[in-house]
Amino acid sequence: MRTILFTGKGGVGKTTLSAATALRSASLGKRTLVISTDIAHSLADALDMPLGNDPLAVGPPGLYAAELDTAEELERYWGEIKRRIADSLRERGFSPTVAGELAVLPGLDEIVGLVRIKRYHDEGAYDVLIIDSAPTGAAMRLLSAPDLGQRYARSMLTLSSGLARMVMPSLRSLLKTPLGEGMVQERIARLFEQVRELREILTDGEQTSVRLVLNPDHMSLRETQRAYTYMNLFGLTVDAVYANRVIPIEVQDPFFEDWKLDQAAHLEEIRHTFAPLAVFEVPLMRQEVVGLEALGALAETLYGERDPTEPLATEQPLRFYMEDHRYMLALRIPGVSGGSVELSKQGDELYVRLGRLRRSLVLPQYLAGMQPTWARVEGNVLKVAFEDKPQSSG
Ligand SMILES: Nc1ncnc2c1ncn2[C@@H]1O[C@H](COP(=O)(O)OP(=O)(O)OP(=O)(O)O)[C@@H](O)[C@H]1O
Ligand SMILES: [Mg+2]
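Per chain, residue numbering runs from 1 following the sequence as it is written. Following the order in which they are written, the chains are lettered starting with A and the ligands numbered starting with 1. The predicted nature of this model means local features are confined to residues of pLDDT at least 70 and side-chain atom pairs, given and counted, to a pLDDT of 80 or more, with totals for whole chains, interfaces and linings taken over all residues.

### Quick notes on the sheet that holds strand β12 (residues 349-354)
Test applied: A strand pair is defined by DSSP finding two or more bridges across the two strands. Only DSSP runs of H or I reaching four residues or more are called helices, and only runs of E reaching two or more are called strands; each is numbered from the N terminus. Orientation is described by axes fitted as lines to C-alpha atoms, over the contacting stretch for helices, and by angles from 0 to 180 degrees between their N-to-C directions.
Reading across the sheet, the three strands line up as β11-β12-β13 and stay open at both edges, with antiparallel pairing between neighbours. Each of the sheet's edge strands pairs with one partner strand only, and the pair in question is β11 (341-346) and β13 (357-362). Adjacent strand axes in the sheet meet at a mean angle of 15° when their direction is disregarded. Judged from the six bridges that link them, β11 and β12 form a sheet pairing that is antiparallel. Within β12, the residue paired with Gln 346 across the bridge is Glu 349.

### Regarding the sheet that holds strand β6 (residues 208-214)
This is how it is decided: Here the contact rule is simple: place C-beta atoms from the backbone, and any two residues whose C-beta atoms are within 7 Å are in contact.
The eight strands lie next to each other as β3-β4-β2-β5-β1-β6-β7-β8, forming an open sheet whose pairing is mixed. Whereas interior strands pair on both sides, the edge strands pair on one side only; in this sheet they are β3 (56-57) and β8 (278-283). Where strand β2 (residues 32-36) and strand β5 (residues 128-132) come together, five bridges link them in parallel fashion. Among the inter-strand pairings, Leu 33 is bridged to a residue of β5, identified as Leu 129. Together, β1 (2-7), β6 and β7 (238-246) form the strand contacts of helix α10 (residues 218-233), whose direction differs from that of β6 by roughly 165°.

### Thoughts on α10
To keep things clear, this is the line we draw: Here, expected helix span is obtained from the residue count minus one, scaled by 1.5 Å. Residues are called buried when their C-beta atom has 20 or more other C-beta atoms within 10 Å, exposed when it has 12 or fewer, and partly exposed otherwise; all C-beta atoms are positioned from the backbone.
Along its 16 residues, α10 runs 24 Å from first to last C-alpha, staying within 8% of the 22 Å computed at 1.5 Å per residue. Residues of α10 that are buried: Ser 220, Thr 224, Ala 227, Tyr 228, Thr 229, Tyr 230, Met 231, Asn 232 and Leu 233. Count one or two residues on from α10 and you reach Gly 235, which has phi positive near 90°.

### So, the confidence of the model for the chain
Which entries qualify depends on this criterion: In predicted models, pLDDT denotes the confidence assigned by the predictor to each residue on a 0 to 100 scale.
Confidence in the prediction for the chain averages 84 pLDDT; 88% of positions are at 70 or higher. Segment residues 153-167 is flagged for pLDDT under 50; beyond a separation of four residues in sequence, or across chains, it makes 18 contacts in the model. Confidence drops under a pLDDT of 50 for residues 176-180, and excluding neighbours within four residues, the segment shows four contacts in the predicted structure.

### Description of the pairing of strand β14 (residues 371-378)
Side chains on a regular strand alternate between the two faces of the sheet. Relative to strand β15 (residues 381-387), β14 runs antiparallel, the two sharing seven bridges. Bridge pairing links Glu 378 to Val 381 in β15. Connecting β14 to the next strand, β15, in antiparallel fashion are two residues, including Gly 379 with a positive phi near 65°.

Take a look at the structure:
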């Protein structure tokens, strides 16, 4: 089963592109399920039909859709554990609301939603699964920790709330009490075993691709760069970028002249920033894209003869890792043969100059506080080492 995650900031067109891509996938004869994981669902609006937590046939052969109910999924996987932990916290004097909040790890609701990917993967009823809206940072952090089962209790510590620190002893004693131990431990272990398997599916570029959606404007670029960095950090393969709402050339109204020039400049910047990724330009349609007919028309203009479900790249363009106790970043830049590298860093942004190449990257938080110490080109990969030292003045 191929899984494609569409993500991007609010309102850029994720739901529309997920639905259009699913429609195209089904028309190519692939059994396709499109799921929205957003709390504020709009997949039903885009498809112009009611949807529920379980997949429903949409109409065109082989096309199914669902709007995930995270609360229902969380209850199914975590409900009993949550109640046990919350009860125990209440007995120790926490207010019921606080106890209820603390009994659920941040991101866990999204994770249990994603565990569905694994279920569909195992069941094999679909060839293609399209997810509208990829997981947030909190969910990704949970997903990416390799030994979460054992570390569950420790993760409670990293909750930003200072309360979490106070909870720790109680949680530990809860996990040790003969009453809670067996069941809670077993449930945690079972859930995180599924999460581990899910991670294997998500980080395999042949099986899973992430597609970033943005609009060719200043607002969305930075945020998309950040999402791109984090997807790479967590080991997911971003294989394409969709620049949506591009004003078509046939629009000649002078009112749009500046918009068109501005969009052209941003498209150039997008291609540059995300190279070597494929960039799909999605035209602004004449109307809101609602219903199968409009989605079909969008898919046609967008993909032509292409099959959008195939991976467009299977290698991560950007990697973060440790080497000889150094924090490293490796960026794949095809067509660059070497030369001296100039680096500069401002906040969480790293600027790279290499011959005629100029790139800016948003650094993950843990690197944003460090300084780049050296960089070199190996093959078509640029490697940058970071060190934990204070920024020099000047
Ligand atoms: N290329 C396009 N041409 C015309 N209308 C579009 C296009 N792309 C999206 N729209 C319209 O813009 C609106 C927002 O799109 P959509 O719901 O897909 O965005 P989203 O990223 O899923 O938003 P949210 O973050 O709220 O979930 C919808 O009314 C949709 O029909
Ligand atoms: Mg949406």
